[in-house]
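# Results of the structural survey
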Amino acid sequence: MADVKELRCVIGGCRYDVDEVSYTCPEHGEVATLDILYDYPALRAQLDRDAISASHTANCWRYKPLMPIACESKAPPLAVGWTPLYDTPRIAKNLGIRRVWVKDEGANPTGSLKDRASSLVLARALEKGFKTVSTASTGNAAAALAGLGASLPEVEIVIFVPASAPPAKIAQLLVYGAEVLLVEGSYDEAFDLCMETCAAQGWYSRNTGVNPFTTEGKKTVALEIAEQLNWKAPDVVAVSVGDGSIISGVHKGFSDLRQLGWIDRMPRLLGVQAEGSAVLAKACAGGVAAQDIVRQDASTIADSIASELPRDRAKALRAIRRSGGRFITVADAAIQAAIPEFAQLSGVFAEPAAAAAFAGLKRAVKTGIIHQDESVCIISTGNGLKDVARARDSVTGGIRVAPTRAAVESALQSRRLA
């Protein structure tokens, strides 16, 4: 465990002890999410990155010395993290850039990057004696909490999810045995209802962008990318953005490594938003401060990145600005087309929100934001099986044949001549 120096408000710089505040800054409100900060000079003197590389722990807990939990034995036993990082020369060639890697977060136990945050939050909940943990989600965070919670008999999981969420994601929650409340409203309404209920019932909230431990869990994806690239950062990391918590975690991970001197530079972050849910992209382009962002309608096929009022907006804007990065938006049509194209160029089957990162990278290359001599890591945040209906809508084809060899040969010949 890394000794936590303080919790620091991202808006006003207010400082708190790690057990003094549970969620956001009491003085500046919900927009004022908190950073968990460490004594980095002390960590530099104590830690050896090569010792981590030599670890036989093939999950996110290989980075326990950089995490704010005293005992990982309280964490769920499922193997979260240490997901594959694939070199994808076909994508690089297709886009005309030097090198592209894909970090496949769909390989996590419940199929998304959100498992990282849930693992750490559940460990924190058990450390502090909570018996019930709850979250609001469009599906992935809920599945992560429900699945990892199912491996811990001592906690109860309560989920608030919009009734409009993809059926496959809702089914996942029910299969894991969580208490599922299907809210007849938007994600943001489910979020507010979850926070109110947690406060009234004394439950622990895992909610994205509110609980600072979610960022610390999500940052492990950046630690892995750096380690898997021999402690070097790519020029650019592309990731889809909704509530802003994942891109905030990615930035925090690389920032921790930079402060430790384990990488020699920070990557630029490319935050990809759907055109129908582009609150952060608009705010960044207009120079709007996080505390001045107002709720806007959100509509996109990429449900995992649909957000009317991004909860981790302050950290997300800071991540883009401090990394020298950019937000970029993509239409739903581009996201849908990206699902099969990304799969056919990389072998990674991505849900719409994850495919959005590939669509955004394509647009960034076309518009000159990404240059030919640069290397890029795409974080594929969730598995395509989470939304099979959208995947099915993105493709056509299939040849119906009679059960004879002659029929097969005739069909193949017709296809060749077409």
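Predicted, not measured: the structure shown is a model, and the values here were computed from it.

### What to know about the sheet that holds strand β10 (residues 236-240)
On the basis of which strands lie adjacent, the open sheet formed by 6 strands has the order β4-β5-β13-β10-β11-β12 and mixed pairing. Either end of the sheet is taken by a strand with one partner, and the two such strands are β4 (85-87) and β12 (326-330). Taking the axes of each pair of neighbouring strands and ignoring which way they run, one obtains an average angle of 25 degrees across the sheet. For strand β5 (residues 99-104) and strand β13 (residues 375-380), the ladder comprises 6 bridges, and the chain directions are parallel. Within β13, the position partnered with V100 by the bridge is V376. Relative to the sheet, helix α11 (residues 279-286) contacts β11 (268-274) and β12, its axis offset from that of β12 by approximately 135 degrees. The strands touched by helix α12 (residues 313-323) within the sheet are β11 and β12, with β11 carrying the most contacts at an inclination of about 135 degrees.

### Describing the sheet that holds strand β6 (residues 132-136)
Reading across the sheet, the 4 strands line up as β8-β7-β6-β9 and stay open at both edges, with parallel pairing between neighbours. Strands with a single pairing partner mark the edges of an open sheet, and in this sheet they are β8 (179-183) and β9 (204-205). Pairing of β6 with β9, which is carried by 2 bridges, proceeds in the parallel orientation. Bridge pairing in β9 links V133 to Y204.

### Concerning the pattern of salt bridges
Applying the stated criterion across every chain yields a total of 29 salt bridges. Note that R311 is salt-bridged to D192, the shortest N-O span being 3.2 Å. Of this pair, R311 sits in the loop between α11 and α12 while D192 sits in helix α7 (residues 187-201); the two residues are 119 residues apart in sequence, bridging distant segments of the chain. Note that R295 is salt-bridged to E308, the shortest N-O span being 3.5 Å.

### Digging into the nonpolar core
Nonpolar side chains in soluble globular proteins generally cluster together in the buried interior. The biggest cluster of nonpolar side chains holds 102 residues, and the ones touching the most others in it are V250 and F254. Among all residues touching F254, those that are not within four sequence positions of it are A222, I225, A226, A233, V237, I263, M266 and P267. The next biggest cluster of nonpolar side chains, apart from the first, holds 38 residues, and it includes V100, V236, A350 and A391.

### Quick word on the packing of helix α9 (residues 220-228) against helix α10 (residues 245-260)
At their nearest, the axes of α9 and α10 sit 7 Å apart, and the two run at 55 degrees to each other. Relative to α10, α9 is oriented oblique. Once α9 is placed against α10, the crossing between them reads as right-handed. Here V221, A222, L223, I225 and A226 of α9 lie close against α10, whose contacting residues are V250, G253, F254 and L257. Residue classes in the contact of α9 with α10 are distributed as 8 nonpolar, 1 polar and no charged.

### Here's the deal with unusual backbone geometry
At W82, a position not held by glycine, the phi torsion is positive, near 50 degrees. Tracing the chain through its elements places W82 in the loop between α2 (49-53) and β4.

### With respect to the pairing of β5
Buried residues dominate β5, accounting for 5 of its 6 residues. Pairing geometry for β4 and β5, over 3 bridges, is antiparallel. Along β5, the bridge assignment pairs D87 with W101.

### A short note on empty space enclosed by the protein
If you walk through the whole model with that rule in mind, you get 2 cavities of 30 Å³ or more. Here the largest cavity defines a volume of roughly 270 Å³. What lines the largest cavity is a set of 26 residues, among which K114, G242, D243, S304 and I305 lie closest to the centre. Counting only elements with at least two residues in the lining of the largest cavity, the list comes to α5 (140-150) and α10. With 3 residues, α10 is the largest single contributor of residues to the lining of the largest cavity. Considered class by class, the residues forming the lining of the largest cavity number 9 nonpolar, 12 polar and 5 charged. The calculated volume of the second largest cavity comes to roughly 40 Å³. Together, V236, R268, L269, L270, G324, G325, R326, I369 and I370 line the second largest cavity. Looking at the lining of the second largest cavity, the element that brings in the most residues is β11, giving 3 residues. Looking at the lining of the second largest cavity residue by residue, the class counts come to 5 nonpolar, 2 polar and 2 charged.

Rules behind the numbers
- Residues numbered from 1 in each chain as written.
- Predicted model: local features only at pLDDT ≥ 70, side-chain atom pairs only at ≥ 80, totals over all residues.
- Heavy atoms only, no water.
- Pairing = 2+ DSSP bridges.
- Helix = DSSP H or I, 4+ residues; strand = E, 2+ residues; numbered from the N terminus.
- Axes fitted to C-alpha atoms, helices over the stretch in contact; angles between N-to-C directions.
- Contact = heavy atoms within 4.5 Å.
- Salt bridge = Lys/Arg side-chain N within 4 Å of Asp/Glu carboxyl O.
- Core = buried A, V, L, I, M, F, W, Y, C linked by side-chain atoms within 4.5 Å.
- Buried < 20%, exposed > 50% of the residue type's maximum accessible area, 1.4 Å probe, protein only.
- Parallel < 35°, antiparallel > 145°, perpendicular 65-115°, else oblique.
- Left-handed = near helix turned anticlockwise from the far one by under 90°.
- Nonpolar A, V, L, I, M, F, W, Y, C, P; charged D, E, K, R; others polar.
- 1 Å grid on protein atoms, 1.4 Å probe; cavity = no way out; pocket = protein on both sides within 12 Å on 5 of 7 lines; lining within 4 Å.
- Points joined across faces, edges and corners; volume = space filled by probe spheres on them.

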